[in-house]
Amino acid sequence: MDITEIVIEGDTAGIVWRLPVLHFAGNKAGAPKIYIQAALHAGELPGTALIHFLCERLRKAEAEGAIQGDITVVPHANPIGAAQSHFGEMQGRFDLGSRTNFNRDFPLISLRDRDLLIENLERYPAVDRLKRQLIHMALGADLVIDLHCDDESLQYAYIDEAFWPEASDLAAALKMDAVLLSDGESSAFEEAVSFAWKYEVPGEKKARLPGKLSVTVELRGTRDVYPEMATQDAEGLWRFLAVRGAVCDDSVHLAAFAGPAVPLDNVEMIRAPQAGTVLFHRNIGERVVEGDRLATIITAPGMPDGTIEVRAPQDGLIVTRVSDRLVRRRGDLMKIGSDKPSSVVRKPGTLED
Ligand SMILES: [Zn+2]
């Protein structure tokens, strides 16, 4: 394992960020190159824990000569966000200086312009220098895995339809509960990587990208950071690397992915109609049917008629749930993966800002 460091000068005097990058060199020509990062949203740590245990396995494999494809790993991709604390609470999702989501505003370029990403970096603020160097590394790989987590959540992934169903091996290897099939071209990391591949010839969009994968994995909820879970997830990702030939392990055999693969249009974003104290009746992992009571919101505590009910708009699987119990009007309460398209029109791109 070789360790390099990306050094990012701060935008004010006296600040320097240091980002360790771990490299494993492959020994087989033609094996896929891998890029794995975690905690781009700086407080989302299940992936960082996974990577810690995966690297143990990779070092062992390296000693055995079993690394076939080059593997680049960034265990914690966002030192800038990790240092942001606002009145005692970590703010790892948005850059406080620019109010930009750390997982948006990645440059949408053609793969042929990859090296332009890191030309004249000093022209850009620290956050953009970080983003450009991350995506530059990712575009040197064939299989790109961006490890995030949701709030309270099952394990699921956003997978572009250009990679489906080939990528069902990743879902099977990690034992995902669900896959959400995306079609968008947002500026999120995963989609900016796919964009560069799709438009390798500018103006000529490739609809399918065989041999490639760029995916956002939501490794359950923010608090789902435990040694057994992380160890199992690391074994899961190892299995994926083995079936794709990036590492050599003949003992790995995957069963087919049996979970639901749901287009984003079929995701019901359950929102709070009014502000109040939310009392959930249903939890993640439960299947609901149309009309089931999901939550009661106490909108006027102590008053007669002081509550409203939130019900399931159609049948489906509860994939995520908000952890806050004070909800704002229109705040997200749940994502439900459903069999039919939602009647609520979705704006293109990501489900959340
Ligand atoms: Zn995230």
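Reading guide: rules and limits
Chains are numbered independently. Their residues run from 1 in the order of the written sequence. Per-residue local features of the predicted model are confined to residues with pLDDT of at least 70, and side-chain atom pairs are confined, for both listing and counting, to 80 or more; whole-chain, interface and lining totals are unaffected and use all residues. Processing note: side-chain calculations cover all non-hydrogen atoms of the structure and skip hydrogens and water entirely. Numbered from the N terminus, helices here are DSSP runs of H or I no shorter than four residues, and strands are runs of E no shorter than two. C-alpha atoms define the radius of gyration in this analysis, and the globule rule sets the expected value at 2.2 Å times the number of residues to the power 0.38. Exposed residues in this analysis have more than 50% of their type's maximum accessible area, buried residues have under 20%, and partly exposed residues fall in between, with area computed by a 1.4 Å probe over protein chains only. We treat two strands as partners when DSSP finds at least two bridges between them. Interaxial angle, 0 to 180 degrees, is taken between N-to-C directions of lines fitted to C-alpha atoms, where a helix line uses only the stretch in contact. In this analysis, two residues are considered to be in contact whenever any of their non-hydrogen atoms come within 4.5 Å of each other. Nonpolar cores were defined as sets of buried Ala, Val, Leu, Ile, Met, Phe, Trp, Tyr and Cys residues, with membership established by side-chain atoms within 4.5 Å. Note on handedness: a clockwise path from strand one over the helix to strand two, with the strands aimed away from the viewer, defines a right-handed crossover. Boundaries between domains were set according to an automatic or database domain assignment. Accessible surface is computed with a 1.4 Å probe, and the buried area is the amount of it that two parts give up when combined, taken over both parts together. When a carboxyl oxygen of Asp or Glu lies within 4 Å of a side-chain nitrogen of Lys or Arg, that pair is called a salt bridge. Contacts described as polar in this section are N or O atom pairs within 3.5 Å, which, within protein, must combine one atom able to donate a hydrogen with one able to accept it, while residues neighboring in sequence count only if both atoms come from side chains. Residue polarity is assigned by list, with Asp, Glu, Lys and Arg as charged and Ala, Val, Leu, Ile, Met, Phe, Trp, Tyr, Cys and Pro as nonpolar; anything else, Gly included, falls into the polar class.

**Quick word on the overall build of the chain**
Here comes step 1: Of the regular secondary structure elements, the chain holds six helices and 20 strands.
Here comes step 2: Whereas a compact globule of 353 residues would reach a radius of gyration of roughly 20 Å, the chain reaches 21 Å, a difference of no more than 12%.
Here comes step 3: Considering only C-alpha atoms, the chain reaches an extent of 70 × 55 × 45 Å along its principal axes.
Here comes step 4: Taking all 353 residues of the chain together, the buried fraction comes to 52%.

**Examining the sheet that holds strand β14 (residues 276-280)**
Whenever strands of a sheet pair, they do so through backbone hydrogen bonds, lying parallel or antiparallel.
Here comes step 1: Strands sit in the order β17-β16-β14-β19 across an open sheet of four strands; the sheet is antiparallel. Lying at the two open borders of the sheet, with one neighbouring strand each, are β17 (307-311) and β19 (326-327).
Here comes step 2: The pairing of strand β16 (residues 293-298) with β17 spans five bridges and is antiparallel. Directly across from A295, in β17, lies its bridge partner V310.

**A word on the sheet that holds strand β4 (residues 71-74)**
Here comes step 1: Here we have nine strands laid out as an open sheet, ordered β1-β2-β4-β3-β7-β11-β9-β10-β12, and mixed in their pairing. The open sheet is flanked by β1 (2-9) and β12 (261-263), the only strands paired with a single partner. Across the sheet, the mean angle separating the axes of adjacent strands is 20° when strand polarity is ignored.
Here comes step 2: Docked against the sheet, helix α5 (residues 189-198) engages β3 (34-38), β7 (143-150), β9 (155-160), β10 (178-182) and β11 (213-221), running at close to 165° with respect to β11.

**Considering the nonpolar core**
Here comes step 1: In terms of nonpolar packing, the biggest core is built from 77 residues, with L134, L170, F189 and V217 touching the most fellow members.
Here comes step 2: Looking at this core element by element, the count peaks at seven residues for helix α3 (residues 126-138).
Here comes step 3: Counting residues in each nonpolar core, the second largest holds 16 residues, with A272, V278, L294 and M334 among its members.

**Let's talk about the pairing of strand β2 (residues 16-24)**
Here comes step 1: Pairing geometry for β1 and β2, over eight bridges, is antiparallel. By the bridge assignment for β2, I6 is matched with L19.
Here comes step 2: Hairpin connection between β1 and β2: a loop of six residues separates the two successive antiparallel strands, and G14 in this loop has a positive phi of roughly 90°.
Here comes step 3: As paired elements, β2 and β4 share three bridges and run antiparallel to each other. Across the sheet, the residue bridging to L22 is V73, located in β4.

**Digging into the environment of F163**
Here comes step 1: Along the chain, F163 falls in the loop between β9 and α4 (168-174).
Here comes step 2: For F163, a relative accessible area of 2% puts it in the buried group.
Here comes step 3: Taking the C-alpha atoms as reference points, F163 and I308, separated by 145 residues in sequence, lie 41 Å from one another.
Here comes step 4: Excluding anything up to four places from it in sequence, F163 contacts S194, W197, R208, L209, K212, L213 and S214.

**Remarks on the environment of G221**
Here comes step 1: Inspection of the secondary structure assignment puts G221 in strand β11.
Here comes step 2: Of the residues examined, G221 reaches a relative accessible area of 1% and is grouped as buried.
Here comes step 3: For the pair G221 and Q68, spaced 153 residues apart in the sequence, the C-alpha separation amounts to 32 Å.
Here comes step 4: In contact with G221, other than residues within four places in its own chain, are P46, C149, D150, D151, E152 and S153.

**Some remarks on the pairing of β3**
Here comes step 1: With five of five residues buried, β3 lies mostly within the body of the structure.
Here comes step 2: Residues I34, I36 and A38 line one face of β3 and the alternating positions Y35 and Q37 line the opposite face, and both faces are buried.
Here comes step 3: In this sheet, β4 lies alongside β3 in parallel orientation, the contact comprising four bridges. Note on β4: the bridge partner recorded for I36 is V73.
Here comes step 4: You can see the chain leave β3, run along helix α1 (residues 46-63) and come back into β4, and the turn it takes is right-handed.
Here comes step 5: Bridging between β3 and β7 involves five bridges; their strand directions are parallel. Each bridged residue has a counterpart across the sheet, and for A38 the counterpart in β7 is L147.

**A short note on the domain arrangement of the chain**
Here comes step 1: Here the chain is partitioned into domain 1 (2-259) and domain 2 (265-338).
Here comes step 2: Here domain 1 and domain 2 share an interface that buries about 930 Å² over both sides, 56% of which is from carbon and sulfur atoms.
Here comes step 3: At the boundary of domain 1 and domain 2, one finds three salt bridges.
Here comes step 4: With a shortest N-O distance of 2.8 Å, E152 and R321 are connected by a salt bridge.
Here comes step 5: The tally of links between domain 1 and domain 2 comes to five residue pairs in polar contact (both at pLDDT 80 or more).
Here comes step 6: Elements represented by at least two residues in the side of domain 1 that touches domain 2 include exactly β8 (152-153), β9 and β10.
Here comes step 7: Per-class residue counts for the side of domain 1 that touches domain 2 are five nonpolar, one polar and five charged.

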